[in-house]
Amino acid sequence: MSEYAAHVREVEAACTRALEHTVEARDGFDSIVFHAGTASVYHGDDLEVPFRANTHFLRFGWIEGPGHLIVFRPGERTRLVRQVESDFWYAPSAPLDSEIGEAFEVIETDDAASEVIEMSALGRRAFIGDDAELARILGIESAACDPAALIAALDWERAFKTDHEVACVREANRIAAHGHEAVRGAIQDGASEFELHLEYLATTAQTDDALPYPNIIAWDEAAAVLHYQHRRRSEPDPARVLLIDAGARYRGYAADVTRTWCLDPAANDAFRALLTGMEELKRGLADAVAPGVDFVDLHRRAEHGIAERLREVGVLRCSEEEARAQGLLFAFFPHGLGHPLGLQTHDVGGQQADPAGTPRPPPDDCPHLRNTRVLAPRHVVTIEPGLYFIPSLLDPLRGRDTVDWHLLDTLLPFGGIRIEDDVVVTDTGNENLTRPFLP
């Protein structure tokens, strides 16, 4: 059996377990209809919004385009009803990949809904998708659209990646690494953020729409904006530091990689020491990923490491506990250590305690931590400690003698530091999916 065929069998087994959870929740279903999604247009226009398939549908395989349906019932061969349009405005649908064609009973049609309507013996069906009108046409009751118990169980299962899924994330990392290396070469010439973005796209052979998330390419002070959305056309001046957070997709799966480069040979000694310290911290955190590790505890270890490095260079003049109590630790590190990664950059199920969807929220003092699960084999997570100099968070704290504000003011023009790798939990430890391609 091929790696992909084995993947499909595992996904089917996960769907069977998810259906069993709906029985336990007294909302039992016999089958699931997964919808790829419906194409849409911008408001008041006929220009289509770039389409992305529903990720629960996409887990079955890299099937491009809207309108397709997957019909799953335990014990039966999964059916792929592929919507094939004939429209002179657009090119014909590309042929279906042979691996996918062999994995399912494939029905190609220009009316996928009618094909599903004619299917008998599906029992009580659940509908996974956002097109309520299509569900109504299929005769599926509104209460069976994205039912909470089924979604929670499917989200929980998504955290456990198959060998095929890990291979896809690994390949996405390889592609992203080429882009990062190309950008690293181009920054020596003082290229603008926009030029570096284009270099990344060209090297990775991706379009903006194909990226798993919009590239963050930030010179100097812009690195302090966590989701920096601009790409300045002007050349950087003085071009001290570049932060690049850029990924790639392969067969629907994402890589999420960040690097911070310091180019100024006369850069602030404290910033250089912090950059070296953050690289060491990130390596240690990635090495600590293992089965049974509580990700919340790993986040606490990141906070401790960041506080220690700020104390070592003299920015902090107090204990970690006092820095936390005063809100200083949050001001320097306001996001979580990482998140689940897969078909979505911020993949689902990160704050669940069990397949029933019992919430496991983050601690009150780190509300943006996206992953609170205890790590288990085949979880894929990002490890991305960050240290930033964000005026809007730091200015309200000015005047406290627990910070060397003069030293901090010299660091503001450097923006911040984030270093991020993608890591899969193995039976005995971990495999870093990023470092082999981007040391």
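Details of the structure are given in the entry above.
Here we come to a nonpolar patch on the surface. A contiguous nonpolar surface patch, about 500 Å² in accessible area, is contributed by Phe88, Trp89 and Tyr90. Looking at the element boundaries, phenylalanine 88 is found in the loop between β3 (79–83) and α3 (98–103).

Our focus in this paragraph is the nonpolar core. Ranked by size, the top nonpolar core spans 54 residues in total, and within it Cys15, Ile32, Phe34, Phe57, Phe104, Leu138 and Leu150 carry the most contacts. When neighbours within four sequence positions are excluded, phenylalanine 57 is seen to be in contact with Phe34, His35, Ala36, Ile63, His68, Leu69, Ile70 and Leu80. Counting residues in each nonpolar core, the second largest holds 47 residues, with Val241, Leu275, Ala286 and Phe414 among its members.

Let us now look at the packing of helix α1 (residues 3–24) against helix α6 (residues 148–158). At a closest axis distance of 8 Å, the pairing of α1 and α6 adopts a crossing angle of 145°. Note on packing geometry: the crossing formed by α1 with α6 is right-handed. Residues Ala14, Cys15, Arg17, Ala18, Leu19, His21 and Thr22 of α1 touch α6, and the partners they reach there are Ala149, Leu150, Ala153, Leu154 and Glu157. Considering only residue class, the contact of α1 with α6 consists of eight nonpolar, two polar and two charged.

With that settled, the discussion passes to unusual backbone geometry. Excluding glycine, residues mostly have negative phi values, and the peptide bonds linking residues are mostly trans. For the bond running from aspartate 237 to proline 238, omega is 20°, close enough to zero to count as cis. Relative to the helices and strands, proline 238 resides in the loop between β6 (216–219) and β7 (241–250). Residue aspartate 146 is not a glycine yet carries a positive backbone phi of 45°. You can see aspartate 146 is positioned in the loop between α5 (132–137) and α6. Given the relative accessible area of 35%, aspartate 146 is considered partly exposed. Not every positive phi belongs to a glycine, and alanine 205 is a case in point at roughly 55°. When you line up the elements, alanine 205 lands in the loop between α8 (193–204) and β6. Relative accessible area serves as the criterion here: at 70%, alanine 205 is assigned to the exposed category.

Tallying each qualifying case throughout the model produces 33 salt bridges. In this structure, the salt-bridge partner of arginine 378 is glutamate 10, at a minimum N-O distance of 2.6 Å. Of this pair, arginine 378 sits in the loop between α12 (328–332) and β9 (380–383) while glutamate 10 sits in helix α1, and the two are 368 residues apart along the sequence.

Across the sheet, which stays open at both edges, the three strands sit in the order β9-β12-β13 with antiparallel pairing between neighbours. Of all strands in the sheet, those bounded by a partner on one side alone are β9 and β13 (430–432). Adjacent strand axes in the sheet meet at a mean angle of 30° when their direction is disregarded. Two elements, β9 and strand β12 (residues 421–425), share four bridges in a ladder whose sense is antiparallel. Bridged to threonine 382 within β12 is aspartate 422. On top of the sheet, helix α9 (residues 269–287) reaches β9, β12 and β13; it is set at about 140° to β13, its chief contact.

So, about the sheet that holds strand β1 (residues 31–35). To summarise the sheet geometry, strands pair through backbone hydrogen bonds and adopt either a parallel or an antiparallel arrangement. Strands sit in the order β4-β3-β2-β1-β5 across an open sheet of five strands; the sheet is mixed. Each end of this open sheet is capped by a strand with a single partner; those strands are β4 (105–109) and β5 (125–128). In this sheet, neighbouring strand axes are inclined to one another by 15° on average, regardless of whether the strands run parallel or antiparallel. The pairing of β3 with β4 spans five bridges and is parallel.

To continue, consider α9. Along its 19 residues, α9 runs 27 Å from first to last C-alpha, staying within 8% of the 27 Å computed at 1.5 Å per residue. Taken residue by residue, α9 has Ala270, Phe271, Leu274, Leu275, Gly277, Met278, Leu281, Lys282, Leu285 and Ala286 as its buried positions. The opening residue of α9, the one whose side-chain oxygen lies 2.7 Å from the backbone nitrogen of alanine 270, is asparagine 268.

Here we take up the packing of aromatic side chains. A complete count under the given rule lists six aromatic pairs for this structure. In this structure an aromatic cluster arises from ring pairing among Phe34, Phe60 and Phe104. Above the plane of the ring of phenylalanine 194 lies arginine 233, whose end atom (NZ or CZ) is 3.8 Å from the centre. One cation-aromatic arrangement involves arginine 373 over tryptophan 156; the distance from NZ or CZ to the ring centre is 3.6 Å.

About the thresholds
- Residues numbered from 1 in each chain as written.
- Predicted model: local features only at pLDDT ≥ 70, side-chain atom pairs only at ≥ 80, totals over all residues.
- Heavy atoms only, no water.
- Patch = residues over 30% accessible without salt bridge, like charges linked within 9 Å, V, L, I, M, F, W, Y side chains within 5 Å.
- Areas by Shrake-Rupley, 256 points an atom, 1.4 Å probe, with all protein chains shown as cover.
- Salt bridge = Lys/Arg side-chain N within 4 Å of Asp/Glu carboxyl O.
- Helix = DSSP H or I, 4+ residues; strand = E, 2+ residues; numbered from the N terminus.
- Core = buried A, V, L, I, M, F, W, Y, C linked by side-chain atoms within 4.5 Å.
- Buried < 20%, exposed > 50% of the residue type's maximum accessible area, 1.4 Å probe, protein only.
- Contact = heavy atoms within 4.5 Å.
- Axes fitted to C-alpha atoms, helices over the stretch in contact; angles between N-to-C directions.
- Left-handed = near helix turned anticlockwise from the far one by under 90°.
- Nonpolar A, V, L, I, M, F, W, Y, C, P; charged D, E, K, R; others polar.
- Pairing = 2+ DSSP bridges.
- Expected span 1.5 Å × (residues − 1).
- Polar contact = N/O pair within 3.5 Å; in protein donor to acceptor, adjacent residues only side chain to side chain.
- Phe/Tyr/Trp six-rings, centres within 6.5 Å; stacked < 30°, edge-to-face > 60°.
- Lys NZ or Arg CZ within 6 Å of the ring centre and 35° of its normal.

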